[in-house]
Amino acid sequence: EVPSPSVLVQWDMALRFAARSAGWCKKMTQPTARLSTAAAAVHEPDLDVLTSVEGGVGLLTLNRPKKLHTLTLDMVQAITPALQAWEMDPGVQCVLIRSSPWGGKAFCAGGDVRAVFDEGLGGDPAHGQGQAGMLTAEFFRQEYHMNYLIHEFPKPIVSLWDGIVMGGGVGLTAHGDFRVATEKTVFAMPETAIGLFPDVGMTHVLPRLFSPSNTAPSSIGFYVGLTGVRLGCDDLLFAGLATHAIPSEHLEALHAAILHTDVASVSDLEILLTDFQQTGSIGDKAASKLAANIDAIERCFSKDSIEDIVEALEAESQAPEWAQKTLKLLHSHSPTSLKVSHRLLTEHAHKSFHDSLTMEYRIAQRCMRPKSDFYEGIRAVLVDRGDPPASWSPKTLDETSDATVSEFFAPLPDGNELGLSLSK
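So, a few notes on the structure that sits alongside this text. Since this is a predicted model, take the numbers as computed values, not measurements.

### Here's the deal with the sheet that holds strand 4 (residues 106-108)
In space, the three strands of this open sheet follow the order 4-6-8, with parallel pairing throughout. The sheet is open, and its two edges are formed by strand 4 and strand 8 (186-188), each paired on a single side. With direction set aside, neighbouring strand axes in the sheet form an average angle of 15 degrees. Both strand 4 and strand 6 (residues 164-166) contribute to a ladder of two bridges, which runs parallel. Bridge assignment links Cys 108 to a residue of strand 6, and that residue is Val 165.

### Considering helix 8 (residues 219-227)
Counting buried residues in helix 8 gives nine out of nine residues, a clear majority hidden from the surface. Residues of helix 8 that are buried: Ser 219, Ile 220, Gly 221, Phe 222, Tyr 223, Val 224, Gly 225, Leu 226 and Thr 227. Sitting at the head of helix 8, Ser 218 places a side-chain oxygen 3.2 Å from the backbone nitrogen of Ile 220. Downstream of helix 8 by one or two residues, Gly 228 has phi in the positive range, about 70 degrees.

### Some remarks on a negative patch on the surface
Where like charges cluster on the molecular surface, the negative patch consists of Asp 304, Asp 308, Glu 311 and Glu 314. The residue Glu 311 is located in helix 14 (residues 306-315) in this model. Classification of Glu 311 as exposed rests on a relative accessible area of 53%.

### What about the pairing of strand 3 (residues 94-99)?
Along a regular strand, successive side chains alternate from one face of the sheet to the other. Buried residues dominate strand 3, accounting for six of its six residues. In strand 3, alternate side chains face the same way, and those of Cys 94, Leu 96 and Arg 98 on one face and Val 95, Ile 97 and Ser 99 on the other are all buried. In this structure, strand 2 (residues 57-62) lies alongside strand 3, joined through six bridges in parallel fashion. Of the residues in strand 3, the one forming a bridge with Thr 61 is Arg 98. For the crossover that starts at strand 2, traverses helix 3 (residues 73-88) and ends in the parallel strand 3, the hand is right-handed. Pairing of strand 3 with strand 5 (residues 157-161), which is carried by three bridges, proceeds in the parallel orientation. Along strand 5, the bridge assignment pairs Ile 97 with Ser 159.

### Considering unusual backbone geometry
Of note, the bond from Asp 387 into Pro 388 is cis; its omega dihedral lies within 30 degrees of zero at 0 degrees. On the secondary structure map, Pro 388 appears in the loop between helix 18 (373-383) and helix 19 (402-408). Here the bond from Ser 393 into Pro 394 is cis, since omega is 0 degrees, no more than 30 degrees from zero. With respect to the element layout, Pro 394 can be found in the loop between helix 18 and helix 19. In this structure, Leu 68 takes a positive phi of about 55 degrees despite not being glycine. With respect to the helices, strands and loops of the structure, Leu 68 is situated in the loop between strand 2 and helix 3. You will see that Val 200, though not glycine, has its phi angle at about 50 degrees, which is positive. Relative accessible area serves as the criterion here: at 1%, Val 200 is assigned to the buried category.

### Let's talk about the sheet that holds strand 9 (residues 244-245)
Ordered by their spatial adjacency, six strands build an open sheet running 1-2-3-5-7-9, and the pairing between neighbours is mixed. Either end of the sheet is taken by a strand with one partner, and the two such strands are strand 1 (49-54) and strand 9. Pairing of strand 5 with strand 7 (residues 178-181) involves four bridges; the strand directions are parallel. Each residue of the ladder has a partner; that of Trp 161, found in strand 7, is Ala 181. Across the sheet, helix 3 is in contact with strand 1, strand 2 and strand 3; its angle to strand 1 comes to roughly 15 degrees.

### Remarks on the environment of Asp 89
Its location among the elements puts Asp 89 in the loop between helix 3 and strand 3. In the structure, Asp 89 is positioned 31 residues away from Gly 58 in sequence and 9.8 Å away in space, judged by C-alpha atoms.

Parameters at a glance
- The residue numbers shown here count from 1 along each chain, following its written sequence.
- This being a predicted model, a pLDDT of at least 70 is required before a residue's local features are given, and a value of 80 or more before pairs of side-chain atoms are given or counted; all residues contribute to the totals for chains, interfaces and linings.
- Excluded from the side-chain calculations are hydrogens and water; all other atoms, namely the structure's heavy atoms, are used.
- Should DSSP find at least two bridges between two strands, the strands are taken to pair.
- For the purposes of this entry, the term helix denotes a DSSP run of H or I that reaches at least four residues, the term strand denotes a run of E that reaches at least two, and both are numbered from the N terminus.
- A fitted line through C-alpha atoms represents every axis, and for helices the fit uses only the stretch in contact; the resulting angles, taken between N-to-C directions, go from 0 to 180 degrees.
- With a 1.4 Å probe rolled over the protein chains alone, any residue whose accessible area is under 20% of its type maximum counts as buried; one over 50% counts as exposed, and the rest are partly exposed.
- N or O atoms within 3.5 Å of each other form a polar contact, as long as, within protein, one can give a hydrogen and the other can take it, and as long as residues adjacent in sequence are counted only when both atoms are side-chain atoms.
- Exposure above 30% relative accessible area and the absence of a salt bridge qualify a residue for a patch, where like charges join within 9 Å and nonpolar side chains (Val, Leu, Ile, Met, Phe, Trp, Tyr) within 5 Å.
- A 1.4 Å probe and the Shrake-Rupley method give the accessible areas. Residues count as covered only by the protein chains that appear here.
- Criterion for a salt bridge: a side-chain nitrogen of Lys or Arg within 4 Å of a carboxyl oxygen of Asp or Glu.
- By the counting rule applied here, Lys and Arg register as positive and Asp and Glu as negative, while His and the ends of each chain are not counted.
- Note on charges: their place is set at NZ of Lys, CZ of Arg, CG of Asp or CD of Glu.
- Call a crossover right-handed when, viewed with both strands pointing away from you, the route from the first strand across the helix to the second goes clockwise.
- When checking whether two residues touch, look at their non-hydrogen atoms; a contact exists if any pair is within 4.5 Å.

Shown next, in the form of structure tokens:
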């Protein structure tokens, strides 16, 4: 489909703008005509992930809009070899990750946990042991290996967070160099609401978010990871989850500029992204709801246990409305997930990414055991859409013992651990 004239004009402006930003000396002639011809030749096959190389840029496009680009095992198996090839290809300078079509509802609404639920629902006791070949193991194993590849990737990665970005979509992008939010971005790590935990490497990232006291772990990270609260563009900039904010309508122009600009380094991309950010009027850290409640977040989410967090929220008098909304969220989530997640966030504030992912895989497998809260959470949220609500086991924090939590952290059977290679 040929883009509209207005889009082509944007691209034309982007090319000239990028040329100036990157210090091109040669005069650009008729870029609009060139882009129009290229755009007319674009054909998107019926694949869930599109990969190509153009202008020294590895292009990774999520192409499952009817399912909000939820990440399947097949998608992971398409993304991983593409990244591995681009890592070794001297002709690829950077990677750009986006979703199709432009201006859609979602970037990636998470991992396809419904498929995992369907696989494990039968109650086979082999689920939850990390056994090779089972979807309940392979989905997480291969996804986490992909997350690690992205974290260790030696070339810049730019991700365009336009629309919903949750769970697996966060893991696909949060470990790269640049995350561009828009006025449409809706971010969340809602795993504790479905009997899981903030995984895909986020138990490493969240404790390292912005902290007013410059201490780790970050209370904001605990707040985001435990509650699954939804964040917008302003919040993501404030917390440090997004690196830039650019209007959604400018993303095609940014895409074109990256393809036609010599962006051989992180600093080159930083200049280009910052220039584009300055053309918009979105992204105000001071307007963030995190900023508005930062003192209360610090008071309540800097505690040593989830029980102490709940007690602090119940006693919160300076921001009572925020505290009550937050308590309502926590009370609807799996008590086991909350306790496991709090321990993970605490311990991983001082662990390597490698070790954090390795432990996350153990925990993810324990969540796949028959009759775990994961199956009840998916049933309630994705199958029955909240009617009836989840019935957790154990039902309360008080009933969830330390011994129950510790079971999640126990080693898997020999040969069934995640098996990441060490950093290069």
